[in-house]
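# Coordinate analysis (summary)
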Amino acid sequence: MNLNFFKKRKHEEPDLTDSDNALHYLLTESPLHNGLETEYHIEENKIYCPKWDLTITPELGQLTTQNAVVHFHIHAPKWGKDLFECSAAIGESTRQALDISCVSFLSTFIDGIAKMENKDFHETLETTFGGKKHRWNVALSNIVGIGNASTAETAEFYWNTLKESILKRLGNQKMCYVKVYLAKSHETITAECRIDDIKSEELSSEITKIAEKWTVNPFASQKIFFFIQQDIETTLPYAYSGNEGINLLKSKVKTAISLFHACKTQEQYEQFPKQLKQALDDATLASECYSFLPEMCTENAFPQMTYAESIQIIQNNKSPITYYKSQLADYFPIYAALFSLFEEGAFGDDVNEIYQKYIRLSATYNVIQQIHEKGGNNALEHGVLSALLYRMEDDFEIR
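### Structural notes on the packing of aromatic side chains
Tallying each qualifying case throughout the model produces 23 aromatic pairs. Aromatic side chains Phe157 and Tyr158 sit 5.7 Å apart centroid to centroid with 70 degrees between the ring planes, which places their arrangement in the edge-to-face category. We classify Tyr158 as buried; its relative accessible area is 1%. By way of ring pairs, the aromatic residues Phe72, Phe105, Phe109, Tyr177, Phe225 and Phe227 are connected into one cluster. Above the ring of Tyr324, the side-chain terminus of Arg169 is found at 4.1 Å from the ring centroid. When the ring centre of Phe260 is taken as origin, the NZ or CZ atom of Lys357, which lies over that ring, is 5.0 Å away.

### Observations regarding the sheet that holds strand S13 (residues 310-314)
Taken in spatial order, the three strands line up as S14-S13-S15 in an open sheet, and their pairing is mixed. Only two strands of the sheet have a single partner each, and these edge strands are strand S14 (321-324) and strand S15 (389-391). Direction aside, neighbouring strands of the sheet carry axes that sit 35 degrees apart on average. Strand direction decides the pairing type here: S13 and S14, joined by four bridges, are antiparallel. The partner of Ile313 across the bridge, within S14, is Ile321.

### Some remarks on helix H7 (residues 266-280)
The terminal C-alpha atoms of H7 lie 22 Å apart, and with 15 residues this matches the ideal 21 Å at 1.5 Å per residue to within 8%. Its maximal kink placed at Phe272, H7 deviates by approximately 45 degrees, while the proline Pro273 follows within four residues. Within H7, the full set of buried residues consists of Phe272, Leu276 and Leu280. One or two positions beyond H7, positive phi appears at Asp281, with a value near 55 degrees.

### Comments concerning the packing of helix H1 (residues 19-28) against helix H3 (residues 94-117)
In the contact formed by H1 and H3, the axes pass within 11 Å of each other and the chain directions differ by 50 degrees. With respect to each other, H1 and H3 are oriented oblique. Every pair of crossing elements has a handedness; the one defined by H1 and H3 is right-handed. Residues Ala22, Tyr25 and Leu26 of H1 form the contact with H3, whose own contacting residues are Arg95, Leu98, Asp99 and Cys102. Per-class residue counts for the contact of H1 with H3 are five nonpolar, no polar and two charged.

### A word on unusual backbone geometry
Leaving glycine aside, a negative phi is the common case for residues, and trans is the common case for peptide bonds. Of the consecutive residues Asn217 and Pro218, the connecting peptide bond is found in the cis state with omega at -5 degrees. Assignment of secondary structure puts Pro218 in the loop between helix H5 (201-212) and strand S12 (219-230). Unlike most non-glycine residues, Asn45 shows phi in positive territory, near 65 degrees. Residue Asp197 is not a glycine yet carries a positive backbone phi of 65 degrees. Of note, Asp197 is situated in the loop between strand S10 (188-195) and strand S11 (198-199).

### Points about the sheet that holds strand S4 (residues 67-76)
Spatially, the five strands line up as an open sheet ordered S1-S2-S3-S4-S5, and their pairing is antiparallel. Of all strands in the sheet, those with a lone pairing partner are strand S1 (41-43) and strand S5 (81-90), marking the two edges. The average undirected angle you get between the axes of adjacent strands in this sheet is 25 degrees. Here H3 sits on the sheet and contacts strand S3 (54-63), S4 and S5; the angle it forms with S5, its principal contact strand, is near 140 degrees.

### Looking at the environment of Ala97
Summarising the element assignment, Ala97 is placed in helix H3. A relative accessible area of 0% means that Ala97 is categorised as buried. Sequence-distant contacts of Ala97, that is, excluding residues within four places in its chain, are made with Gln66, Asn67, Ala68, Ala89, Ile90 and Gly91.

### Focus: the pairing of S3
Strand residues, when the strand is regular, have side chains that alternate between the two faces of the sheet. Sheet topology note: the strand S2 (residues 46-49)/S3 ladder contains three bridges and is antiparallel. In the strand pairing of S3, Ile47 is matched with Ile56. In this structure, the hairpin formed by S2 and S3 is closed by a connection of four residues, where Asp53 is found at a positive phi of approximately 55 degrees. Both S3 and S4 contribute to a ladder of seven bridges, which runs antiparallel. Directly across from Thr57, in S4, lies its bridge partner His73. Here S3 folds back onto S4 in antiparallel fashion, the turn holding three residues.

The rules behind these values
- Residues numbered from 1 in each chain as written.
- Predicted model: local features only at pLDDT ≥ 70, side-chain atom pairs only at ≥ 80, totals over all residues.
- Heavy atoms only, no water.
- Phe/Tyr/Trp six-rings, centres within 6.5 Å; stacked < 30°, edge-to-face > 60°.
- Buried < 20%, exposed > 50% of the residue type's maximum accessible area, 1.4 Å probe, protein only.
- Lys NZ or Arg CZ within 6 Å of the ring centre and 35° of its normal.
- Pairing = 2+ DSSP bridges.
- Helix = DSSP H or I, 4+ residues; strand = E, 2+ residues; numbered from the N terminus.
- Axes fitted to C-alpha atoms, helices over the stretch in contact; angles between N-to-C directions.
- Expected span 1.5 Å × (residues − 1).
- Bend = angle between axes of the 7 residues up to and from the residue.
- Parallel < 35°, antiparallel > 145°, perpendicular 65-115°, else oblique.
- Left-handed = near helix turned anticlockwise from the far one by under 90°.
- Contact = heavy atoms within 4.5 Å.
- Nonpolar A, V, L, I, M, F, W, Y, C, P; charged D, E, K, R; others polar.

What follows is the structure, encoded as structure tokens:
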């Protein structure tokens, strides 16, 4: 007879569908804990890698008994930008799903960063942007695959397939990262190619052709990253790089929006471009805010449309020159600043009025109205807009 009052209790597994428990598990027990290819230490639920000078902040998305979505935010001041990866996985348990999502992140994203940091480059290439030569070193990550595709693609295969198209999208950034994700379930294909976490419809269409040739039963997927780092010798200085630069640009975008909203008469609108240059003390940024902000608001308001990844710029009555939006150093930072200011309530109750005012002034809205009048909402879903033409003054510089 057991007369012991205190019995040893069976170890209870923590509920990993709870985000706090899951985060603790990620940082202390998961493959992420021992799988980084460099020394690190944990600071307030963040992983700091001193040798690489980067900070990884995991954030839990969806968690169920068989699914896990982990968002990895990577802060790296030396690259002039923050990076992001969403790693989703399915497992027999939440723990297994979390483990798989971490292994996927480590095997692709971190593998690519480690190769870049260790200068284990696949090749070195040159581009020309704004009349200047830029030299790039390319690191290819491992491929992570689920299921069996009928063709065994290699990292080199994906890179060679997309290389020329990616090079056309490089400007003067310190570093660019490209994510390729391809999946096929029966005849349903998911294809995503993202440059600095912005989806490229054109490049996604290119890789769709790869999966069309796959025979799968019932599912297969592949994921890979390219990390493209510019040589210090060819990198031109950029005024809005790093946290201080991002905050400065955001402050100037706020000023541009406030000045725009203050315009009430035709005379004020006519004086607005000159006033904007004086207020921002940056002729190029002033021209970009004047030209791009209305179109950005309209693209956000009508996401069902497909918008061109490039724009055309004309100066001095010369022939227009085509640039990809990803090449322009200010384009996506302006976009991020615009909607960050809106979401933060920087303009109080005036936000909707500003938003609608921008939309009504945009060239894109005029085209959308015409499409809608001819074919209704269904026409918008299939609408594809060509590159807009912007006329810039002589003091505008490509950067």
